[in-house]
Amino acid sequence: MIKNGRHSLRKTIVAAALALSSATLLSGIAYAGETLDKIQQRGKIKVGVGSQPGFFAPDSNGRWQGFFVDIGRALAIAVFNDPEKVEFTSSSPQQRLPALQSGEFDILLSGVTQTITRSTQLGFHFGPVVFYDGQGLLVPKKLNVTKGSELDGATVCVQTGTTGELNIADFFRKSKISFKPVTIEDTNEFLKAFEAGRCDVLTQDASDLGIKRTQLKNPDDYVLLPERISKEPLAPAIRWGDDRWLEIVNWTVYALIQAEELGITSSNVDTFLKSEDPAIKRFLGIDPSLAQATKLDPKFAYTIVKTLGNYGEIFERNVGKDTKVGFERGYNQPWTQGGLLYAPPFR
Ligand SMILES: N[C@@H](CCC(=O)N[C@@H](CS)C(=O)NCC(=O)O)C(=O)O
């Protein structure tokens, strides 16, 4: 009896210690870290972007528009319940990761590829992939090439500080052919150099090349080869050190993806407010129980979808087939439709 009693006492102590440590852990997550504190003090989120119409560019009134810009506005809704409490600043691929590290930005929504060195050695966390991309090759039609392996001896323009700079060297080495890199930092220079014939090939994320092709004087003189020489999962990037900020980024993106999976759009979201489906009630905050866990406004997902639309609406509006950019959804559609977009459960 005594032995048993002692044994159960020891068990109780261990269980209490475990409960205490997990409570400490949980409350650690619940508190804002340094980044979120700063965001809240200043009253807006600072977002580093690029400069490609469709993804991120100011319109004629100086208002930022684009696929990544809308994700920034969704974050402003999650944090402030106000899509305007966000500031976008363009920064080159070379400058933007150091700028994020030094605190100039709270997040990059600029077509950054998630890689193991950026995630470990360089100290960045990535949110969910928002655009599945791959590196492409843009060539003048007059070169008469159909695939990269036909580019022996080519001069290739590549942008400084990008994954493209590393991938292109791997690609030529693997294909056992030679090339001459022309490395350019500035985005406008990058395109100009190609148009002026300083290089035979322009290489970057295929999405970026798709947009750039439309900016050439004679787009029909150029072809984006169908081949992709790398995987470029583009994801929001933040500095290490703020778990709570990371989770807000994660679940804001997941809200956009989940809404599309559920068929909830900016125009029909209000009809879903009467839904009897418990999952939809939790997602839209009609059942407010998730707010205790998330410490977010119970209606954060509702407000995001009502204001900006779901992932698919944001994609179509900014870069979809009816826009100048004209992207197909490809991998960037819900898993239920054969794509790679998949949100974990809202429960
Ligand atoms: N995904 C690559 C390339 C990133 C990149 O260069 N992205 C394009 C937009 S998708 C860009 O920033 N272009 C220059 C600009 O927009 O200013 C990386 O992470 O290194």
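Cut-offs used in this document
- Residues numbered from 1 in each chain as written.
- Predicted model: local features only at pLDDT ≥ 70, side-chain atom pairs only at ≥ 80, totals over all residues.
- Heavy atoms only, no water.
- Buried < 20%, exposed > 50% of the residue type's maximum accessible area, 1.4 Å probe, protein only.
- Helix = DSSP H or I, 4+ residues; strand = E, 2+ residues; numbered from the N terminus.
- Salt bridge = Lys/Arg side-chain N within 4 Å of Asp/Glu carboxyl O.
- Pairing = 2+ DSSP bridges.
- Axes fitted to C-alpha atoms, helices over the stretch in contact; angles between N-to-C directions.
- Contact = heavy atoms within 4.5 Å.
- Right-handed = clockwise from strand over helix to strand, strands pointing away.
- Domains from an automatic or database assignment.
- Polar contact = N/O pair within 3.5 Å; in protein donor to acceptor, adjacent residues only side chain to side chain.

**Q** How should helix α8 (residues 206–215) be read in this particular structure?
**A** Think of an α-helix as 3.6 residues a turn; residues three or four steps apart then line up on the same face. The buried fraction of α8 amounts to 7 of the 10 residues, a majority that puts the element mostly inside the structure. All of the buried residues in α8 are A206, S207, D208, L209, G210, I211 and K212.

**Q** How should I be thinking about the pattern of salt bridges in this particular structure?
**A** Here the idea is simple: oppositely charged side chains can pair when their charged atoms come close. What the rule picks out here adds up to 15 salt bridges. In this structure, E87 engages K44 in a salt bridge whose closest nitrogen and oxygen atoms are separated by 2.6 Å. Taken as a pair, E87 in strand β4 (residues 86–90) and K44 in the loop between α2 (34–42) and β1 (45–49) lie far apart in primary sequence, 43 residues in all. Overall, K44 belongs to the partly exposed group, its relative accessible area being 28%. D70 is the partner of R73 in a salt bridge, and the nearest nitrogen-oxygen pair spans 3.9 Å.

**Q** What's the story with the environment of Q40 in this structure? I'm lost.
**A** With respect to the helices and strands, Q40 occurs in helix α2. Take Q40: its relative accessible area is 43%, and that puts it in the partly exposed class. The spacing of Q40 and I280 is 240 residues in sequence and 29 Å in space, taken between C-alpha atoms.

**Q** Is there a simple way to think about the sheet that holds strand β10 (residues 179–184) in this case?
**A** Hydrogen bonding along the main chain pairs the strands of a sheet, whether they run parallel or antiparallel. In space, the 5 strands of this open sheet follow the order β10-β9-β11-β8-β12, with mixed pairing throughout. Each of the sheet's edge strands pairs with one partner strand only, and the pair in question is β10 and β12 (222–224). Averaged over neighbouring strand pairs, the angle between their axes works out to 25° when direction is ignored. Relative to strand β11 (residues 201–205), strand β8 (residues 135–140) runs antiparallel, the two sharing 4 bridges. By the bridge assignment, L137 is partnered in β11 with T203. This element, helix α7 (residues 187–195), spans β8, β9 (154–159), β10, β11 and β12 of the sheet and lies at about 150° to β11.

**Q** What exactly am I supposed to notice about the pairing of β10 here?
**A** For β9 and β10, the ladder comprises 6 bridges, and the chain directions are parallel. Bridge pairing in β10 links C157 to V182. The parallel pair β9 and β10 is bridged by helix α6 (residues 163–174), and the resulting crossover is right-handed.

**Q** How should the domain arrangement of the chain be read in this particular structure?
**A** Interfaces are often described in size by the accessible area the parts lose on coming together. According to the domain assignment, the chain contains domain 1 (34–132 + 234–324) and domain 2 (135–230). Distance from the C-alpha centre of domain 1 to the C-alpha centre of domain 2: 30 Å. Inspection of the domain 1/domain 2 interface yields 0 salt bridges. Linking domain 1 with domain 2 are 2 residue pairs in polar contact (both at pLDDT 80 or more), by the criterion used here. No other element matches the 3 residues that helix α4 (residues 93–101) contributes to the side of domain 1 that touches domain 2.

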